[in-house]
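# A structural walkthrough
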Amino acid sequence: MKSRTWLVIPAVAALLSAACQSAQTQPVQRPQVVAVPQEEVPQPTVSGYPAQGDTTPPMQAPAPEPGTGSKRLSYNSCNVEGPYVALTFDDGPHATLTPKLLDILKEKGVKATFFVLGQCVNANPEVLQRAAAEGHEIGNHSWDHKSFSKGGGAGVAAQVNQANAAIEAAIGKKPTIVRPPYGATNATITKRLNEEFGMKVIMWDVDPLDWKVRNAAHVKEEIVKRAKPGSIILSHDIHPTTVAAMAETIDALKEKGFQFVTVSELLAMDRPLTAAATPTSPPAVAPAPVTR
Ligand code: NI
């Protein structure tokens, strides 16, 4: 696997400008394709993305583990006392869209969490530095969005370590949380991410499908409709429609009384579910679509 890893790097580098929209490499005359949505465009396997025709669904996101409190290894949501939710944004940092989102978050006084790709961090380190400086949390979302469930043990380690190294080089701090690409994990991988890498696995319970439905009003409606105290809200800061939705989404959530915290802040508030507090309906589990 080691030799393959080295072969991958030049191919990934060739994709950087398209996948991550580096302002440094394409300052002017940038094509209007603002981002390559990794979730939807099949890429050659050498890039780390799914191969053409690879429609194997990712593994089902693990269900929350009620009652285990701080010992939980993965989270779809948290059991909190109070109207707290965590906004999370995946697949960046993007050269132009992430700064727009940061402007909105700053104006609204909202702290969020960014699950970033190592290759995009390398392309846009200044964007990540700004996000960290403005109080947002940074989490690991792999190096190049290759599924953890397909890379084997060495593949997972390479994905996690390369992304952590890029993040640490940019902001001087290693993340403590990780979101597997496509939400694809299993008990073995999740345990390993916790024990070997010291990282909690962060899934979600609110998914507006913003990568699929590129409509700002839809993104807002879905998030506002589904958010509940303790929710971890998934979206992507590489889509203009998602960024366009955020100001009104935040306003609407505030009107419903929600307050915004980072993922780690939400985790710190997580309480074991008592028998009386255990919901009668099954906990929300992130769906496992074919692409994400
Ligand atoms: Ni992703």
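Before reading on, note that the structure itself is shown above.
Quick summary incoming for the structure in this document.

Rules and cut-offs
- Residues numbered from 1 in each chain as written.
- Predicted model: local features only at pLDDT ≥ 70, side-chain atom pairs only at ≥ 80, totals over all residues.
- Heavy atoms only, no water.
- Helix = DSSP H or I, 4+ residues; strand = E, 2+ residues; numbered from the N terminus.
- Buried < 20%, exposed > 50% of the residue type's maximum accessible area, 1.4 Å probe, protein only.
- Donors = N, O, S within 2.8 Å, 3.2 Å for Na, K, Ca; no water.
- Core = buried A, V, L, I, M, F, W, Y, C linked by side-chain atoms within 4.5 Å.
- Contact = heavy atoms within 4.5 Å.
- Salt bridge = Lys/Arg side-chain N within 4 Å of Asp/Glu carboxyl O.
- Pairing = 2+ DSSP bridges.

### Let's talk about the overall build of the chain
- Looking only at helices and strands, one finds nine helices and eight strands in the chain.
- Out of the 292 residues in the chain, the part that is buried amounts to 51%.

### Describing the coordination of the nickel ion
- Surrounding the nickel ion are the protein donor atoms Asp-91 (OD), His-141 (NE2) and His-145 (NE2), at 2.1 to 2.2 Å.
- Positions of the donor residues of the nickel ion along the chain correspond to the pattern D-x49-H-x3-H. Here His-141 lies in the loop between β4 (137-140) and α5 (152-171) and Asp-91 lies in the loop between β2 (84-90) and α2 (97-108), a separation of 50 residues in the sequence. When sorted by exposure, Asp-91 lands in the same class as His-141, which is buried.

### Describing unusual backbone geometry
- The omega torsion of the bond from Gly-92 to Pro-93 falls at 0 degrees, within 30 degrees of zero and hence cis.
- Locating Pro-93 in the fold gives a position in the loop between β2 and α2.
- You will see that Ser-142, though not glycine, has its phi angle at about 90 degrees, which is positive.
- Structurally, Ser-142 can be placed in the loop between β4 and α5.
- Relative accessible area serves as the criterion here: at 0%, Ser-142 is assigned to the buried category.
- Notably, His-145 is not glycine yet its phi reads approximately 70 degrees, a positive angle.
- The topology assignment puts His-145 in the loop between β4 and α5.
- Judged by relative accessible area, which is 1%, His-145 ranks as buried.

### Structural notes on the nonpolar core
- Among the nonpolar cores identified, the biggest contains 35 residues, and Leu-87, Phe-114, Ile-233 and Leu-253 are the most heavily contacted of them.
- Listing elements by their share of this core, those giving two or more residues are β2, α2, β3 (113-116), α4 (125-133), α5, α7 (216-226) and α8 (240-255).
- For this core, the leading source of residues is α8, giving six residues.
- What Ile-233 contacts, discounting residues up to four positions off in sequence, is Val-85, Ala-86, Leu-87, Thr-88, Val-206, Ile-223, Ala-227 and Leu-253.
- Counting residues in hydrophobic clusters, the runner-up holds 25 residues, among them Val-178, Leu-193, Met-203 and Ile-232.

### What to know about the pattern of salt bridges
- Within this structure, the stated rule accounts for 13 salt bridges.
- For Arg-271, the salt bridge goes to Glu-81, with nearest N and O atoms at 2.9 Å. Here Arg-271, found in the segment after α9 (263-268), pairs with Glu-81, found in the loop between β1 (74-75) and β2; they are 190 residues apart in sequence, far enough to count as distant.
- For Arg-179, the salt bridge goes to Asp-90, with nearest N and O atoms at 2.8 Å. Of the two residues, Arg-179 sits in the loop between β5 (177-178) and α6 (187-195) while Asp-90 sits in strand β2, which places them 89 residues apart along the sequence.
- Of the residues examined, Arg-179 reaches a relative accessible area of 0% and is grouped as buried.
- Assessed through its relative accessible area of 2%, Asp-90 is described here as buried.
- Look at the salt bridges and you will find they share partners, linking Asp-103, Lys-106, Arg-130 and Glu-134 into a network.

### Focus: the side chain of Asn-164
- Structurally, Asn-164 is set in helix α5.
- The buried category is assigned to Asn-164, whose relative accessible area is 5%.
- Ignoring any residue separated from it by four or fewer positions in sequence, one finds Asn-164 in contact with Asn-140, Lys-174, Pro-175 and Met-199.

### Considerations on the pairing of strand β7 (residues 232-236)
- Judged by how many residues are buried, β7 sits mostly within the fold: five of five residues are covered.
- Alternating positions in β7 separate into two faces, Ile-232, Leu-234 and His-236 on one and Ile-233 and Ser-235 on the other, with burial throughout.
- As paired strands, β2 and β7 are joined by five bridges and run parallel to one another. Each bridged residue has a counterpart across the sheet, and for Ala-86 the counterpart in β7 is Ile-232.

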